[in-house]
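As a plain string of letters, each chain reads:
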Amino acid sequence: MGEEGYESKYASGGVLDKNGNPADRSKTGGWSAAAIILGAELSERMCVIGIASNLVTYLVGGLHLSNADAANIVTNFMGTLYLLCLLGGFVADALLGRFKTIAVFGTIQSIGVALLAFSASLPNLQPPPCTNNHTFCIPASAKTMALLYASLYITALGVGGVKSNVSGFGSDQFDNEDPKEQRKMIYFFNRFYFCISLGSLFAVTVLVYIQDNVGRDWGYGIPAGSMVMALAFFVGGSYLYRYRKPAGSPLTQIGQVLVAAWRNRNKSLPPDPSLLNQDEYADAMKRRILHTNQFRCLDKAAVVDPEMDQAPKRSSPWKISTIRKVEEVKMVLRLLPIWSTCIMFWTVYSQMTTFSVVQADTMDRTTGSFKIPSASLQVFLVGSIMFFATFSEKFLVPFMRRITGNVQGITSLQRIAVGLVLSIFAMLAAALVEKKRLDVAQEHGLTQKRRATVPLSVYWLVPQYFLVGAGEAFAYVGQLEFFIKESPVSMKSMSTGLFLSTLSLGFYLSSLLVTLVNKITIHGKNKGWLPNNLNRGRLDYFYWLLAVLSVINLLIFFVFARWYKYKEEWASSEEDHNSCDLKEFNSAVEKTKTEELEVYVDV
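Scoring rules and cut-offs
- Residues numbered from 1 in each chain as written.
- Predicted model: local features only at pLDDT ≥ 70, side-chain atom pairs only at ≥ 80, totals over all residues.
- Heavy atoms only, no water.
- UniProt positions renumbered as here; feature names shortened; annotations may be inferred.
- Helix = DSSP H or I, 4+ residues; strand = E, 2+ residues; numbered from the N terminus.
- Areas by Shrake-Rupley, 256 points an atom, 1.4 Å probe, with all protein chains shown as cover.
- Core = buried A, V, L, I, M, F, W, Y, C linked by side-chain atoms within 4.5 Å.
- Buried < 20%, exposed > 50% of the residue type's maximum accessible area, 1.4 Å probe, protein only.
- Domains from an automatic or database assignment.
- Contact = heavy atoms within 4.5 Å.
- Phe/Tyr/Trp six-rings, centres within 6.5 Å; stacked < 30°, edge-to-face > 60°.
- Lys NZ or Arg CZ within 6 Å of the ring centre and 35° of its normal.
- Patch = residues over 30% accessible without salt bridge, like charges linked within 9 Å, V, L, I, M, F, W, Y side chains within 5 Å.
- Salt bridge = Lys/Arg side-chain N within 4 Å of Asp/Glu carboxyl O.
- Axes fitted to C-alpha atoms, helices over the stretch in contact; angles between N-to-C directions.
- Parallel < 35°, antiparallel > 145°, perpendicular 65-115°, else oblique.
- Left-handed = near helix turned anticlockwise from the far one by under 90°.
- pLDDT = per-residue confidence, 0-100.

You'll find the protein entered in an unreviewed UniProt entry as Major facilitator superfamily (MFS) profile domain-containing protein, with Araucaria cunninghamii given as the organism. The protein has a UniProt comment under Sequence similarities (unreviewed entry) that states "Belongs to the major facilitator superfamily. Proton-dependent oligopeptide transporter (POT/PTR) (TC 2.A.17) family." Recorded in UniProt under Subcellular location (unreviewed entry), the annotation for the protein is "Membrane".

Undergrad: Could you give me a rundown of the overall build of the protein, with the residues and numbers involved?
TA: Counting its regular elements, the protein contains 21 helices and four strands. When the accessible area of the protein is evaluated, it comes to approximately 26500 Å², of which 62% is carbon and sulfur surface.

Undergrad: Describe the nonpolar core, with residues and values.
TA: Leu59, Leu413, Phe482, Phe542 and Phe557 are the most contacted members of the largest nonpolar core, which has 105 residues in total. Sorting elements by how many residues they give to this core places helix 15 (residues 412-443) first, with 12 residues. Lining this core are residues from two domains, each supplying at least three of them: domain 1 (12-130 + 138-247) and domain 3 (330-567). Excluding residues within four positions of it along the chain, Phe557 makes contact with Ile338, Thr341, Leu413, Ile416, Ala417 and Leu420. The next biggest cluster of nonpolar side chains, apart from the first, holds 24 residues, and it includes Phe105, Met185, Phe192 and Phe234.

Undergrad: Give me the lowdown on the side chain of Ser200, citing residues and values where you can.
TA: On the secondary structure map, Ser200 appears in helix 7 (residues 179-213). For Ser200, a relative accessible area of 5% translates into the label buried. What Ser200 contacts, discounting residues up to four positions off in sequence, is Arg45, Ile49 and Val382.

Undergrad: Talk me through helix 2 (residues 55-62); I want residue IDs and the actual numbers.
TA: Extensive coverage of helix 2 is indicated by the burial of six of its eight residues. Burial in helix 2 covers these residues: Leu55, Val56, Thr57, Tyr58, Leu59 and Val60. His64 occupies a position one or two residues after helix 2 and carries a positive phi of about 60°.

Undergrad: Report on the packing of aromatic side chains, specifying residues and quantitative values.
TA: The final tally for this structure, using the stated rule, is 30 aromatic pairs. Between Phe345 and Trp346, the ring centres sit 4.9 Å apart and the planes meet at 90°, which makes this aromatic pair edge-to-face. Measuring from centroid to centroid gives 5.7 Å for Phe355 and Phe542, while their planes differ by 65°, and the two rings are edge-to-face. Of this pair, Phe355 sits in helix 13 (residues 355-361) while Phe542 is found in helix 18 (residues 539-563), placing the two residues 187 residues apart along the sequence. Assigned by exposure class, Phe355 and Phe542 land together as buried. For Arg265, the ring lying beneath its charged end belongs to Trp262, and the centroid distance is 3.9 Å.

Undergrad: Run through a nonpolar patch on the surface, naming residues and quoting values.
TA: On the surface, a nonpolar cluster with roughly 430 Å² of combined accessible area is contributed by Phe90, Leu95, Leu96, Val104 and Leu251. Take Phe90: it is sitting in helix 3 (residues 67-96).

Undergrad: How would you explain helix 12 (residues 343-350) if you had to name every residue and give the values?
TA: Burial analysis of helix 12 places eight of its eight residues in the buried class, the great majority of the element. For helix 12, the complete set of buried residues consists of Ile343, Met344, Phe345, Trp346, Thr347, Val348, Tyr349 and Ser350.

Undergrad: Explain the side chain of Gln109 to me, using residue names and the numbers behind them.
TA: Along the polypeptide, Gln109 turns up in helix 4 (residues 98-121). Apart from the residues lying within four places of it in its own chain, the contact partners of Gln109 are Glu44, Cys47, Thr155, Gly158, Val159, Val162 and Met227.

Undergrad: If you had to explain the pattern of salt bridges to someone new, which residues and values would you point to?
TA: This structure, assessed with the given rule, holds 13 salt bridges. Between Asp175 and Arg25 there is a salt bridge; the shortest N-O distance is 3.0 Å. Of the two residues, Asp175 sits in the loop between helix 6 (166-171) and helix 7 while Arg25 sits in the segment before helix 1 (30-52), which places them 150 residues apart along the sequence. Residues Asp175 and Arg25 agree in their burial class; the two are buried. The shortest N-O distance in the salt bridge between Arg296 and Asp299 comes to 3.6 Å. Members of the salt-bridge network, linked through shared partners, are Arg296, Asp299, Glu327 and Lys330.

Undergrad: How would you sum up the packing of helix 15 against helix 16 (residues 462-486)? Please name residues and give values.
TA: Their axes nearest at 7 Å, the elements helix 15 and helix 16 cross at an angle of 160°. With respect to helix 16, the axis of helix 15 lies roughly antiparallel. For the crossing formed where helix 15 meets helix 16, the hand is left-handed.

Undergrad: Go over unusual backbone geometry with me, naming the residues and quoting the values.
TA: One non-glycine residue, His64, adopts positive backbone phi at about 60°. Position of His64 relative to the elements: it lies in the loop between helix 2 and helix 3. Its relative accessible area of 11% is what places His64 among the buried residues.

Undergrad: Explain the environment of Ala156 to me, using residue names and the numbers behind them.
TA: Structurally, Ala156 is set in helix 5 (residues 142-163). Between the C-alpha atom of Ala156 and that of Gln109, which follows or precedes it by 47 residues, the distance is 7.1 Å.

Undergrad: Describe the confidence of the model for the protein, and please don't skip the residues or the numbers.
TA: Predicted confidence across the protein gives a mean pLDDT of 84, with 87% of residues reaching 70 or more. Counting contacts from residues 1-6, a segment whose pLDDT is below 50, to residues more than four positions away or on other chains yields eight contacts. Across residues 575-593, where pLDDT falls below 50, the model places 17 contacts with residues more than four positions away in sequence or in other chains.

Undergrad: Tell me about the environment of Leu87, residues and numbers included.
TA: Along the chain, the position of Leu87 falls in helix 3. Separated by 410 residues in sequence, Leu87 and Gly497 have C-alpha atoms that sit 9.3 Å apart.

Undergrad: Give a description of the environment of Ser8 that names residues and reports values.
TA: With respect to the helices and strands, the residue Ser8 is situated in the segment before helix 1. The class of Ser8 is partly exposed, set by a relative accessible area of 40%. Distance from Ser8 to Asp24, taken between C-alpha atoms, is 9.1 Å for residues 16 residues apart in sequence.

Following this line, the structure appears as structure tokens:
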């Protein structure tokens, strides 16, 4: 159909205006609405990175917590934040819709960041300064810690609702069926990613400097004020937006299939899969999915009981499902082995905002007359991500496309593998640099001095930041591409949820490892690998441990990747193609390209 076929006054896809009427193209959506949404994402990113990137120095230097406790607070905060993205997606899909979810959770985020700024501004909530050359420090009071936890987790709750919906709401402002607006949508995602990068760079440079040299009240107050302003503009522009009604959560569908399969567990499967309960609507819309022989126990969810007194399509979905829904749940289950091996990468990544920052705090950070904030080393992480993401798409993919003949250049699983390998080298570099730092500290007699500056340039830490950033450029894109393309087309939010949960569990795993290492290595006068005074610890051993675990994880990944079959492989290996045209299947895969961009910028 040519572009003249899209001259309708109203946008397609069932989008509505603020009053619930079909959305008028000339009055809603487009760049007027998208620009406001971009501003909201810029502020959200600035808040999150502004807090997480430099929080460990505030906890150790300002509140006098141990290095291990501070690292765990940061990783637990980030893990919870990404876990709550699943809640935000569920609320939008099943209850409120994207606009209301962003407005409500954005307000919660603003309250949380403002509370953090307020707690940092009150002198009576801060512990007294350390004495005896920083060897005796009174930690923050229970009241201070309670206020800190409240502000962090209120912020995490708010971010979870905003982060999981803001890019999707932005894509709703462009009609994917209109070639002109579809091209604009591509530019929207490019600018969305630019806002993410800009917010991150501003946070690890300007905000971190303000936090270290002006005050935490200003360092947290600025992003709080920015979020309030962005939210005011966002709500004020409500008449410009295009809205979609909540369509239900894919988690409900998964639950229905599992419950129906359990209820029908004693029934026998028919000899021909075509006798299972079919989805007439899916057939009419050409969304039928090929039947597969894996997880056949789930097929019982679609067994038709000949004695039923009503048609299967009118029965409760908790009693009988359709084979299409069963196959969609199978698709999700097939992703879980690969999903489990993606968690370790984010455990390595979490060290860049915790112990690597603590390392930097002990090293020589002067460049001329300027002293670099320890958390600002993350600018090399952000820069590396941007460089390798561009290098991959502009040079590596076209080059590999010519060699392999694959349109993608390299497959999504190959991208993930590259990211996992680079994370191993990052931990090897981190371990070697930490051993060098410890040797220099010992040579200069600094092992007993907690706050002493080791005469070793902080730029020695650049390789570990650079390698983790390079790894993220491959692993991040590879994981997103894998989960989006291999998830069912009807479960777009599920693909986002699977990816975000790997980040969440990666941060939680870091907290667990730190806790276990402390319990095992602390005994008697031995302060363990991760003491308050890093000069007396063995952080290099912890990095070696992460490197070993990453190698084991990589080997398991190779086993799972070899076992895994892509959607296209299932389609090409199926003997009976009568129920589904392969051309239609490929068309459905191509239709997810725009959705892939949408999820790409969710994190």
